[in-house]
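A closer look at the structure
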Amino acid sequence: MAELKLRSKDPDSLRRIIKSALSERLQSVTAGIKRTEERIQEFETKYKLSTEEFITQFNNDELFHSFDFDEWIGEARMLAHLQQTKESIEEIDFVD
């Protein structure tokens, strides 16, 4: 685990600023996850496939290529990225 040290003339103010920024970022990422999950659900409903099944079939060239599929893959990758970002933010602890 990495540790980051910051110095400030007003450490309490710095702590509040950083906590606020992290909280805002977490809210933004959480909203992004929700939107991305909704978009993925639309594709899953439209094509009657789970994202996992779709990616497997797509990678095995079992599906004809379409613009929707490009978007679906992009949304799946974005979801994974957003979830990792959320986990990273949630793992941050402030130590004295």
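Anything mentioned here points back to the structure above.
Bear in mind the structure is a predicted one, so any value in this text is a computation, not a measurement.

Calculation criteria
Residues numbered from 1 in each chain as written. Predicted model: local features only at pLDDT ≥ 70, side-chain atom pairs only at ≥ 80, totals over all residues. Heavy atoms only, no water. Helix = DSSP H or I, 4+ residues; strand = E, 2+ residues; numbered from the N terminus. Rg over C-alpha atoms; globule rule 2.2 N^0.38 Å. Buried < 20%, exposed > 50% of the residue type's maximum accessible area, 1.4 Å probe, protein only. Contact = heavy atoms within 4.5 Å. Areas by Shrake-Rupley, 256 points an atom, 1.4 Å probe, with all protein chains shown as cover. Lys, Arg positive; Asp, Glu negative; His and termini not counted. Charge placed at Lys NZ, Arg CZ, Asp CG, Glu CD. Core = buried A, V, L, I, M, F, W, Y, C linked by side-chain atoms within 4.5 Å. Axes fitted to C-alpha atoms, helices over the stretch in contact; angles between N-to-C directions. Parallel < 35°, antiparallel > 145°, perpendicular 65-115°, else oblique. Left-handed = near helix turned anticlockwise from the far one by under 90°. Nonpolar A, V, L, I, M, F, W, Y, C, P; charged D, E, K, R; others polar. Salt bridge = Lys/Arg side-chain N within 4 Å of Asp/Glu carboxyl O. Phe/Tyr/Trp six-rings, centres within 6.5 Å; stacked < 30°, edge-to-face > 60°. Lys NZ or Arg CZ within 6 Å of the ring centre and 35° of its normal.

**Let's talk about the overall build of the protein**
What the protein contains, in helices and strands, is three helices and zero strands. Overall, the protein shows an N-to-C arrangement of helices and strands of α-α-α. Computed over its C-alpha atoms, the radius of gyration of the protein comes to 19 Å, more than 25% above the 12 Å expected for a compact globule of 96 residues. Considered along the principal axes of its C-alpha atoms, the protein spans approximately 60 × 25 × 15 Å. Counting all 96 residues of the protein, 22% fall into the buried class. The long-range fraction of contacts in the protein, counting pairs at least 24 apart against all pairs at least 6 apart in sequence, stands at 64%. Counting every atom, the protein has about 7700 Å² of accessible surface; 52% of that belongs to carbon and sulfur. Side chains of the protein give 14 positive and 21 negative charges; the mean places of these two sets differ by 9 Å.

**Some details on unusual backbone geometry**
A positive phi angle, near 50 degrees, is found at Lys48, a position not held by glycine. Relative to the assigned elements, Lys48 resides in the loop between helix 1 (11-47) and helix 2 (51-59).

**Things to note about the nonpolar core**
Val29, Ile33, Phe54, Phe58, Phe69 and Trp72 are the most contacted members of the largest nonpolar core, which totals 13 residues. Mapped onto this core, the elements with two or more residues apiece are helix 1, helix 2 and helix 3 (67-90). Not counting chain neighbours up to four residues away, the residues in contact with Phe58 comprise Leu63, His65, Phe69 and Ile73.

**Focus: the packing of helix 1 against helix 3**
The geometry of helix 1 relative to helix 3 is characterised by a closest axis approach of 9 Å and an angle of 150 degrees between their N-to-C directions. By the angle between their axes, helix 1 is roughly antiparallel relative to helix 3. In terms of crossing hand, the pair formed by helix 1 and helix 3 is left-handed. Here the residues of the contact of helix 1 with helix 3 sort into 14 nonpolar, five polar and ten charged.

**Here's the deal with the side chain of Glu75**
Inspection of the secondary structure puts Glu75 in helix 3. It is Arg39 that comes nearest to the buried, bridge-free Glu75 among opposite-charge side chains, at 4.3 Å.

**Thoughts on the packing of aromatic side chains**
Ring pairs (aromatic) are described by centroid distance and by the angle formed between their planes. According to the stated counting rule, one finds eight aromatic pairs in the structure shown. A ring pair is formed by Phe69 and Trp72, whose centres lie 6.5 Å apart and whose planes are at 50 degrees; its orientation type is tilted. Taken together, the residues span about one helical turn, with Phe69 and Trp72 both in helix 3 at a distance of three residues. The class of Phe69 is buried, set by a relative accessible area of 6%. By relative accessible area, which is 0% here, Trp72 ends up buried. Connected via pairs of aromatic rings, a cluster forms that spans Phe43, Tyr47, Phe54, Phe58, Phe69 and Trp72. The ring of Phe94 has Lys19 sitting right over it, with the charged end atom 5.1 Å from the ring centre.

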